[in-house]
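Each chain, letter by letter, is given below.
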Amino acid sequence: MRVLTLTGLAMAALFLGTGLGAPPAVVAQDAPNYCVSCHQALTVERLAAPVARYTQDVHAAKGFGCVACHGGDPTVAGFNGMDPAKGFLGKPEGQLLLQVCGRCHSDAGFMRRYNPALRVDQVAEYRSSVHGQRLTLYRDTLVATCTNCHPAHAIRPPSDPQSSVHPLNVARTCSVCHADSTHMAGYQIPTNQLERYEQSVHWAALSERGDQSAPTCNDCHGNHGAAPPGVDWVGNVCGQCHSVMADYFAASPHSAVFTRLGVPGCALCHGNHQVQAASDTLLGVGEGSVCSRCHVEGVGGGIVAAAMRARVDSLRAAYGFADSLLQRAERAGMEVSQARFDLSGAQTALVQAQAAIHAFELDSVAHHADEGLQVAAAAVERGHGALGELRFRRVGLTVSTGLILLLIIGVILKIRQIEA
Amino acid sequence: MGNDSPTPSTRRRFVNWLLGTSAGGLAAAVLYPVTRYLLPPEVTESATASVTLPFTVNDIPLNSGKIFKFGSLPGILVHTPQGEFRAFSATCTHLACIVQYRDDLSHIWCACHNGHFDLNGRNIIGPPPKPLEVFTVRVSGEQIIVSRGA
């Protein structure tokens, strides 16, 4: 059987010093692969396991063999094949690992042959990340490099549900380091991000509702260029999805003030990893409101917050009342489909008013709330009309049924009288 | 044989019982639907399967959309730039706002949170988690008939 192995790899020994050579080529050959035959016979688990694991690796599926990353000559048995003169690298780590992976993954011409859609700036992005900065500037070997997120010998494409970087698995992958208090001890950052994220509305959307557009770690922090969002651009990150609110916020008086105070826009009110589904209780100056952390009831922003809350509450109550009224009429068999159709406009107005809260001015909220209140009022009127009509029909039926019964009784009595 | 035949009083009782129970059955047959009418079951109106739109093909220009009533819910009819008629539920799958057609983008768009759907109803940008429900459109002369399912 013809075995695809990689042999074009750096036989010219261009590895270290001047950097790695050109990307490897996949060449079909009949020669034996001593890397596999020797390593799978070893009794040391650390050295034997990669052979079995690698059969599931995406690189193996594309025909790349051990030498693509480790160098050496697979056609020569024993330590002679693992000669540095033949380009043998051993286990590449740290900056050498970036070179090994980047040799293919940073070469657009090479990657186009295997995955034309795949980006080729991962190494450049990585160097800009907190991980990459610490590795290159401080020689910090504890930081994540390629194989911490893409486990060596078992790399699968992100679309594979078993992949460590599938959206459902990203948080767990990051937490291997970030939830390990011993590992993170030197960095003085919390280690509860995963615990908090798994309580968030984003994780619920991703894991329970199967919404793979919901964000996980890399959607806010970047993946290869991972870094915490800066105070003045948190809004841009959240605005990738919540664009309407981000636009309102950017034009609001809060935007400049928050930047000046050095507080993160969205996260100040909504939190970061443990973002909860926003509810109206966040607004106003009552219990549970976030406005009251800075604003006092009855003064300036406190007045605006309370007024915005009152408008939203009014609309929600009016919508709820109209909806229940129409439901009662509908269940009783009345035709109210037009009224229910029209009431959809009040729901739209309510959602728009809630988004407009992020402008932090009453007029924006009132504009939508008043529109919704008008729609709800019309629906209430129709609901009352339908229920009034129902009452009228019931009374009419009762009266006519009574009259018919009386008539029947009268007929029976008359028949008896005639018979007697 | 003659000793076993029923007496006249037995026959009368049987006829009275038969007439009495028939009258009871008749009363039940009349009163039951009346009672059911007065106390209807707790169910909502059955889902509308098909509607003939209150406007014609001439009322909706190319590259435009129009909201219509599908039962008690809003639907949207799109006349695509290619001249096809397509209809979808107009209720956004995010927070149930009513979507609209954007002729500048040739997309269906939800103004509440800037969600976009393509002309197959697929959610392509923004927070909507699912596609819009697709309706079947049939054009008969100038009339447009929209129905749920094939």
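The structure presented is a predicted model; accordingly, all values stated were derived computationally and were not measured.

What counts, and at which threshold
- Residues numbered from 1 in each chain as written.
- Chains lettered and ligands numbered in written order.
- Predicted model: local features only at pLDDT ≥ 70, side-chain atom pairs only at ≥ 80, totals over all residues.
- Helix = DSSP H or I, 4+ residues; strand = E, 2+ residues; numbered from the N terminus.
- Rg over C-alpha atoms; globule rule 2.2 N^0.38 Å.
- Buried ≥ 20, exposed ≤ 12 C-beta atoms within 10 Å, placed from the backbone.
- Contact = placed C-beta atoms within 7 Å.
- Domains from an automatic or database assignment.
- pLDDT = per-residue confidence, 0-100.
- Nonpolar A, V, L, I, M, F, W, Y, C, P; charged D, E, K, R; others polar.
- Pairing = 2+ DSSP bridges.
- Axes fitted to C-alpha atoms, helices over the stretch in contact; angles between N-to-C directions.
- Parallel < 35°, antiparallel > 145°, perpendicular 65-115°, else oblique.
- Left-handed = near helix turned anticlockwise from the far one by under 90°.
- Core = buried A, V, L, I, M, F, W, Y, C linked by C-beta atoms within 7 Å.
- Expected span 1.5 Å × (residues − 1).

Asks: Any chance you could explain the overall build of chain A here in plain terms?
Replies: Scanning chain A from terminus to terminus reveals 20 helices and 2 strands. A compact globule built from 420 residues should have a C-alpha radius of gyration of about 22 Å, whereas chain A, at 34 Å, is more than 25% larger. When its C-alpha atoms are laid out on the principal axes, chain A stretches across 125 × 75 × 40 Å. When the 420 residues of chain A are sorted by exposure, 32% land in the buried category. Long-range contacts, defined here as pairs at least 24 residues apart, represent 57% of the contacts in chain A between residues at least 6 apart.

Asks: How should the overall build of chain B be read in this particular structure?
Replies: Looking only at helices and strands, chain B features 1 helix and 10 strands. Beginning at the N terminus, the succession of helices and strands in chain B can be written as α-β-β-β-β-β-β-β-β-β-β. Along the first, second and third principal axes, the C-alpha atoms of chain B reach 100 × 35 × 30 Å. Within chain B, counting contacts between residues at least 6 apart in sequence, those at least 24 apart form 38% of the total.

Asks: When you look at the domain arrangement of chain A in this model, what are you seeing that I'm missing?
Replies: You'll often see interface size given as the accessible area lost when the parts meet. Assigned domains of chain A: these are domain 1 (1–155), domain 2 (158–227), domain 3 (229–275) and domain 4 (301–390). Computed from C-alpha coordinates alone, the two centres of domain 2 of chain A and domain 4 of chain A are separated by 39 Å.

Asks: Is there a simple way to explain the domain arrangement of chain B in this structure?
Replies: Annotation of chain B at the domain level lists domain 1 (2–38) and domain 2 (50–148). A C-alpha centroid distance of 60 Å is found between domain 1 of chain B and domain 2 of chain B.

Asks: Could you clarify how one ought to interpret the confidence of the model for chain B in this entry?
Replies: All names here are of chain B. In this model, chain B carries a mean pLDDT of 86, and residues with pLDDT of at least 70 account for 90%. By mean pLDDT, helix α1 (residues 8–38) is the weakest element of chain B at 77, and strand β4 (residues 85–89) is the strongest at 97. This prediction of the complex comes with two scores: 0.78 for pTM and 0.71 for ipTM.

Asks: Would you mind showing me how to read the interface of chain A and chain B here?
Replies: The partner chain B presents 23 residues to the 24 residues of chain A that form the contact. At the level of elements, α15 (243–250), α18 (301–331), α19 (337–356) and α20 (362–419) of chain A are the ones that each hand at least two residues to the side of chain A that touches chain B. The leading source of residues in the side of chain A that touches chain B is α19 of chain A, at 11 residues. Taken together, the residues that form the side of chain A that touches chain B break down as 6 nonpolar, 12 polar and 6 charged.

Asks: Could you clarify how one ought to interpret the sheet that holds strand β3 (residues 73–79) of chain B in this entry?
Replies: Strand pairing in a sheet takes place through backbone hydrogen bonds and is either antiparallel or parallel in direction. Residues and elements named next belong to chain B. One open sheet holds the 6 strands; their spatial order is β1-β10-β9-β4-β3-β2, and the pairing between them is antiparallel. Across the chains shown, the open sheet's two edge strands, defined by having one partner strand only, are β1 (50–52) and β2 (64–70). Pairwise comparison of adjacent strand axes, ignoring direction, gives a mean angle of 25° for this sheet. Inspection of the sheet shows β1 paired to strand β10 (residues 143–148) by 3 bridges, in the antiparallel sense.

Asks: In this structure, what is going on with the pairing of β3 of chain B? I would like to understand it.
Replies: Taken residue by residue, a regular strand's side chains alternate between the two faces of the sheet. Residues and elements named next belong to chain B. With 6 of its 7 residues buried, β3 lies for the most part within the structure. Here 7 bridges tie β2 to β3, and the two strands are oriented antiparallel to one another. Bridge pairing in β3 places Ser-64 opposite His-79. Remark: 2 residues form the turn of the hairpin made by β2 and β3, two consecutive strands paired antiparallel; Gly-71 in that turn has positive phi of roughly 70°. In this sheet, β4 lies alongside β3 in antiparallel orientation, the contact comprising 5 bridges.

Asks: When you look at the pairing of β10 of chain B in this model, what are you seeing that I'm missing?
Replies: Residues and elements named next belong to chain B. Where strand β9 (residues 134–140) meets β10, 6 bridges bridge the pair, whose relative direction is antiparallel. When the bridges of β10 are listed, Val-137 appears paired with Val-146. The turn joining β9 and β10, which pair antiparallel and follow one another in sequence, is formed by 2 residues; a positive phi near 65° is taken by Gly-141.

Asks: Looking at this model, I keep getting lost on the packing of α18 of chain A against α19 of chain A. Mind explaining?
Replies: Two packed helices can be described by the angle between their axes and the distance between those axes. All names here are of chain A. It is at 10 Å that the axes of α18 and α19 come closest, and there the two elements cross at 160°. As far as their axial angle goes, α19 and α18 are roughly antiparallel. Pair α18 / α19 crosses with left-handed handedness. Taken together, the residues of α19 that come into contact with α18 (itself represented by Arg-311, Val-312, Leu-315, Arg-316, Tyr-319, Ala-322, Asp-323 and Leu-326) are Ala-339, Arg-340, Leu-343, Ala-346, Gln-347, Ala-349, Leu-350, Ala-353 and Gln-354.

Asks: Where do I start with the environment of Val-99 of chain B in this structure?
Replies: All names here are of chain B. Checked against the element boundaries, Val-99 lands in the loop between β4 and β5 (100–102). It is 7.0 Å that separates the C-alpha atoms of Val-99 and Ala-111, two residues lying 12 residues apart in sequence. Once you skip the residues sitting within four places of it in the chain, Val-99 turns out to touch Ile-76, Ala-90, Cys-92, Ile-108, Trp-109, Cys-110 and Phe-117.

Asks: What exactly am I supposed to notice about the packing of α18 of chain A against α20 of chain A here?
Replies: Residues and elements named next belong to chain A. It is the contact of α18 with α20, at a shortest axis distance of 8 Å, that shows an interaxial angle of 20°. Classed by the angle they form, the pair α18 and α20 counts as roughly parallel. In this structure, the crossing between α18 and α20 has a hand that is left-handed. Looking at the contact of α18 with α20 residue by residue, the classes come out as 24 nonpolar, 4 polar and 2 charged.

Asks: Explain the environment of Ser-344 of chain A here, please?
Replies: By secondary structure assignment, the location of Ser-344 of chain A is in helix α19. On the basis of neighbour counts, which here come to 21 C-beta atoms within 10 Å, the residue Ser-344 of chain A falls in the buried class. Taking the C-alpha atoms as reference points, Ser-344 of chain A and His-105 of chain A, 239 residues apart in sequence, are found 51 Å from one another. Apart from residues no more than four positions distant in its own chain, Ser-344 of chain A is found in contact with Pro-74 and Ile-98 of chain B.

Asks: Got a minute to help me understand the sheet that holds β5 of chain B in this structure?
Replies: Residue and element names in this part refer to chain B. With antiparallel pairing, 4 strands are arranged side by side in an open sheet as β5-β6-β7-β8. Taken across any chain shown, the strands that pair with only one partner, and hence form the sheet edges, are β5 and β8 (123–125). The mean inter-strand angle of the sheet, taken between neighbouring strand axes irrespective of direction, is 45°. Where strand β6 (residues 107–110) meets strand β7 (residues 115–117), 3 bridges bridge the pair, whose relative direction is antiparallel.

Asks: What should I look at first to understand the nonpolar core in this one?
Replies: Taken as a class, soluble globular proteins show a tendency for nonpolar side chains to be buried jointly. Among the nonpolar cores identified, the biggest contains 65 residues, and Leu-315, Ala-322, Ala-346 and Ala-376 of chain A together with Ile-76 and Val-99 of chain B are the most heavily contacted of them. With 11 residues, the single largest contributor to this core is α18 of chain A. When near neighbours in sequence (up to four residues on either side) are disregarded, Leu-315 of chain A contacts Ala-349, Leu-350, Ala-353, Ala-369, Gly-372 and Leu-373 of chain A.

Asks: Would you explain α19 of chain A in this entry?
Replies: With 20 residues, α19 of chain A should cover 28 Å at 1.5 Å per step; its first-to-last C-alpha distance of 29 Å lies within 8% of that length. Among the 20 residues of α19 of chain A, 18 are classified as buried, and the element is accordingly described as predominantly covered.

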